Amino acid sequence: MPTAAPIALLGTGLLGAAIAERLLRQGYSVQAWNRSPARLRALETCGALACASPAAATQGCGWVITVLSDASACRKVLLEQPELELAGLRVVQMGTIGPWESQELAESIAGRGGRYLEAPVLGSRPEALAGRLQVMAAGPAELFA
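Model, not experiment: these values are computed from the prediction. (Residues numbered from 1 in each chain as written. Predicted model: local features only at pLDDT ≥ 70, side-chain atom pairs only at ≥ 80, totals over all residues. Heavy atoms only, no water.)

1. A closer look at the overall build of the protein
Along the backbone of the protein there are seven helices and eight strands. Here the protein has a C-alpha radius of gyration of 14 Å; the compact-globule value for 145 residues is 15 Å, and the two agree. Counting only C-alpha atoms and orienting by the principal axes, one finds that the protein spans roughly 35 × 30 × 30 Å. Looking at the protein as a whole, 46% of its 145 residues are labelled buried. Sequence-distant contacts, at least 24 apart, represent 62% of the contacts inside the protein between residues at least 6 apart. Here the protein contributes 12 positively and 12 negatively charged side chains, and the mean placements of these two sets differ by 8 Å. (Helix = DSSP H or I, 4+ residues; strand = E, 2+ residues; numbered from the N terminus. Rg over C-alpha atoms; globule rule 2.2 N^0.38 Å. Buried < 20%, exposed > 50% of the residue type's maximum accessible area, 1.4 Å probe, protein only. Contact = heavy atoms within 4.5 Å. Lys, Arg positive; Asp, Glu negative; His and termini not counted. Charge placed at Lys NZ, Arg CZ, Asp CG, Glu CD.)

2. Observations concerning the pattern of salt bridges
A side chain with one charge can pair with a side chain of the opposite charge if their charged atoms come near. Overall, the coordinates contain two salt bridges when judged by the stated rule. Its salt-bridge partner being Arg115, residue Glu142 comes within 2.8 Å of it at the nearest N-O pair. In this pair, Glu142 sits in helix H7 (residues 141-144) while Arg115 sits in strand E6 (residues 115-118), placing the two residues 27 residues apart along the sequence. By relative accessible area, which is 56% here, Glu142 ends up exposed. (Salt bridge = Lys/Arg side-chain N within 4 Å of Asp/Glu carboxyl O.)

3. A look at the packing of helix H4 (residues 71-79) against helix H5 (residues 99-111)
Interaxial distance between H4 and H5 falls to 10 Å at its minimum, and their mutual angle equals 5°. What the angle tells us is that H4 and H5 run roughly parallel. Here Ala71, Cys74, Arg75, Leu78 and Leu79 of H4 come into contact with H5, specifically with Glu101, Glu104, Leu105, Ser108 and Ile109. (Axes fitted to C-alpha atoms, helices over the stretch in contact; angles between N-to-C directions. Parallel < 35°, antiparallel > 145°, perpendicular 65-115°, else oblique.)

4. Examining helix H1 (residues 14-25)
Between its first and last C-alpha, H1 extends 17 Å over 12 residues, near the 16 Å set by a 1.5 Å rise per residue. Counting buried positions over the 12 residues of H1 gives nine, a clear majority of the element. Turning to H1, its buried residues are Leu15, Gly16, Ala17, Ala18, Ile19, Ala20, Glu21, Leu23 and Leu24. For H1, the secondary structure elements touched by its buried residues are strand E1 (7-10), strand E2 (30-33), helix H2 (41-46), strand E4 (63-66), strand E7 (121-122) and helix H6 (125-130). Looking at the residues trailing H1, positive phi occurs at Gly27, about 95°. (Expected span 1.5 Å × (residues − 1).)

5. Points about the environment of Pro120
With respect to the helices and strands, Pro120 occurs in the loop between E6 and E7. Taking the C-alpha atoms as reference, Pro120 lies 9.0 Å from Val67; in sequence the two are 53 residues apart. Those residues in contact with Pro120, other than ones at most four positions away along the chain, are Gln93, Met94, Gly95, Gln134, Val135 and Met136.

6. Quick word on the sheet that holds E4
The six strands are arranged E3-E2-E1-E4-E5-E6 in an open sheet whose pairing can be described as parallel. Each having just a single partner strand, strand E3 (49-50) and E6 make up the two edges of the open sheet. When E2 meets E3, the two strands line up parallel, connected through two bridges. The partner of Ala32 across the bridge, within E3, is Ala50. Together, strand E5 (90-93) and E6 form the strand contacts of H5, whose direction differs from that of E6 by roughly 160°. (Pairing = 2+ DSSP bridges.)

None of the figures reported here should be taken as evidence of function without further support.
Put into structure tokens, the structure is as follows:
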């Protein structure tokens, strides 16, 4: 059942865009951001709200899904944006990064009042669109639930 609050999606490359499309088709509201704004146009036609910054994309959201290229991009987007408020947000990091990098992100996000779930996936665009990505989640059990 779709949530009342929108879901923020940061990173709309091939996989991120497919995840956003799937969420939209399932009735969720998506606020999306990408470093290259042109990549947001197709999602806008599907019903996503294109946002100019990560802070704008997370406004009013409870969940934030990141599908960024690497740990450096995750740090830049989540931790180096002074206007991005992480308190109360549940961050689901779906990119492939090292375990130590994920632990550092989890600690930094928790230190700013957010919660973190590591959730890299097996699959690509076709699996995401069909709702068949295999998600490997790690983090607090209650957050996973």
